[in-house]
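# A look at the structure
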Amino acid sequence: MRRAVLLLLLALGGCADPNPPAVELSARFTPPSADWLTAHNALTPAAMKGACAIRLVEVRDARADMRSMGTIGARMIDEPDSVAWMRSGFDTLKRDARISFADGGKAMDLKVEILKAYMLSITEAKTTNIVVRIDYGGAQPEGVYRGTDTGLNWASGSGETQSSFDRAMAQLMASIDEDIVARCARM
């Protein structure tokens with residue numbers, strides 16, 4: 001009986017797809033909740049006079065392979081438009097009343113560069129990392145920000161992969177949000 005079970009398991013293992021389909025991420029970031037950034041609004045620095053005006057001048061991906069977002073299990077992770085994905089993260093800053101987006105006039109210009117965006121999984125664990133550099137222009141020093149998420153790899157599925165990238169992006173954008181507000185308060 002044991003031998004039959006062992007042979008069955010070996011046979012099933014041989015049926016595994018050696019090239020499983022890639023996980024394709026959404027080009028839209030989904031924040032954790034509707035009030036995700038607005039919870040910080042009570043922390044408006046006294047030095048701020050109105051909302052901080054920002055302008056997203058440029059988003060570019062500096063990675064060698066702009067589509068590859070790493071692997072989960074044996075599956076590659078693909079993001080067809082990494083720039084649109086990052087822009088969707090910045091769009092969520094509109095939820096913070098301390099920040100406004102300006103088309104013209106005086107505003108803090110942001111040039112965003114994606115340095116890293118990937119997931120790695122080893123056996124049952126996975127980690128997601130996103131690293132960006134922001135050039136604030138003028139006399140403002142640039143900033144480097146990281147968002148991460150770690151957890152169990154349950155089934156190398158699309159849903160858990162997307163959720164992990166969304167949690168890492170949420171952490172990244174919360175850090176950027178707070179730094180923008182602090183920079184505006186010093187201006």
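Residues numbered from 1 in each chain as written. Predicted model: local features only at pLDDT ≥ 70, side-chain atom pairs only at ≥ 80, totals over all residues. Heavy atoms only, no water.

### Comments concerning unusual backbone geometry
- A positive phi angle, near 45 degrees, is found at Thr-123, a position not held by glycine.
- Inspection of the secondary structure assignment puts Thr-123 in the loop between strand 6 (108-122) and strand 7 (125-135).
- Assessed through its relative accessible area of 66%, Thr-123 is described here as exposed.
- A positive phi is found at Ser-156, a non-glycine position, where the angle reads about 55 degrees.
- Checked against the element boundaries, Ser-156 lands in the loop between strand 8 (143-152) and helix 3 (158-186). (Helix = DSSP H or I, 4+ residues; strand = E, 2+ residues; numbered from the N terminus. Buried < 20%, exposed > 50% of the residue type's maximum accessible area, 1.4 Å probe, protein only.)

### Points about the packing of helix 2 (residues 82-91) against helix 3
- Helix 3 packs onto helix 2 with a crossing angle of 50 degrees between their chain directions and a minimal axis gap of 10 Å. Viewed along their axes, helix 2 and helix 3 adopt a mutual orientation that is oblique. The interaxial crossing formed by helix 2 with helix 3 has right-handed handedness. Residues Trp-85, Met-86, Gly-89 and Phe-90 of helix 2 lie in contact with helix 3, whose contacting residues are Phe-165, Met-169, Leu-172, Met-173 and Ile-176. (Axes fitted to C-alpha atoms, helices over the stretch in contact; angles between N-to-C directions. Parallel < 35°, antiparallel > 145°, perpendicular 65-115°, else oblique. Left-handed = near helix turned anticlockwise from the far one by under 90°. Contact = heavy atoms within 4.5 Å.)

### Focus on the nonpolar core
- Membership of the largest hydrophobic core comes to 38 residues, with the highest contact counts inside it found for Met-86, Phe-90, Leu-110, Val-132, Leu-172, Ile-176 and Ile-180.
- For this core, the secondary-structure elements that each account for two or more residues are strand 2 (52-61), strand 3 (68-72), helix 2, strand 6, strand 7 and helix 3.
- With 10 residues, the top contributor of residues to this core is helix 3.
- Those residues within four positions of Ile-180 in sequence are excluded, and the remaining contacts are Cys-52, Ile-54, Leu-93, Ile-99, Met-108, Leu-110 and Tyr-136. (Core = buried A, V, L, I, M, F, W, Y, C linked by side-chain atoms within 4.5 Å.)

### Comments concerning the state of the cysteines
- In total, this model carries 1 disulfide according to the counting rule given.
- Residue Cys-52 pairs covalently with Cys-184 via a disulfide, S to S 1.6 Å. In this pair, Cys-52 is assigned in strand 2 and Cys-184 in helix 3, connecting sequence segments 132 residues apart. A single burial state applies to Cys-52 and to Cys-184, both of which are buried. (Disulfide = S-S within 2.5 Å.)

### Section: the packing of aromatic side chains
- Tallied over the entire structure, the rule returns 1 aromatic pair.
- Look at Trp-85 and Phe-165: their rings are 6.2 Å apart centre to centre, the planes differ by 75 degrees, and that puts the pair in the edge-to-face class. A residue pair is termed long-range when its members are at least 10 positions apart, and Trp-85 in helix 2 and Phe-165 in helix 3 qualify at 80 residues. Taken as a pair, Trp-85 and Phe-165 share a single burial class, namely buried. (Phe/Tyr/Trp six-rings, centres within 6.5 Å; stacked < 30°, edge-to-face > 60°.)

### A closer look at the pattern of salt bridges
- For the coordinates displayed, the defined rule picks out 12 salt bridges.
- Close ionic contact of Arg-63 with Asp-61 constitutes a salt bridge, the shortest N to O distance being 2.8 Å.
- Across the pair Arg-98 and Asp-177 runs a salt bridge whose closest N-O atoms are separated by 2.8 Å. Taken together, the residues span a long stretch of sequence, with Arg-98 in the loop between helix 2 and strand 5 (99-101) and Asp-177 in helix 3 at a distance of 79 residues.
- One salt-bridge network, held together by shared partners, links Asp-96, Arg-98, Asp-177 and Glu-178. (Salt bridge = Lys/Arg side-chain N within 4 Å of Asp/Glu carboxyl O.)

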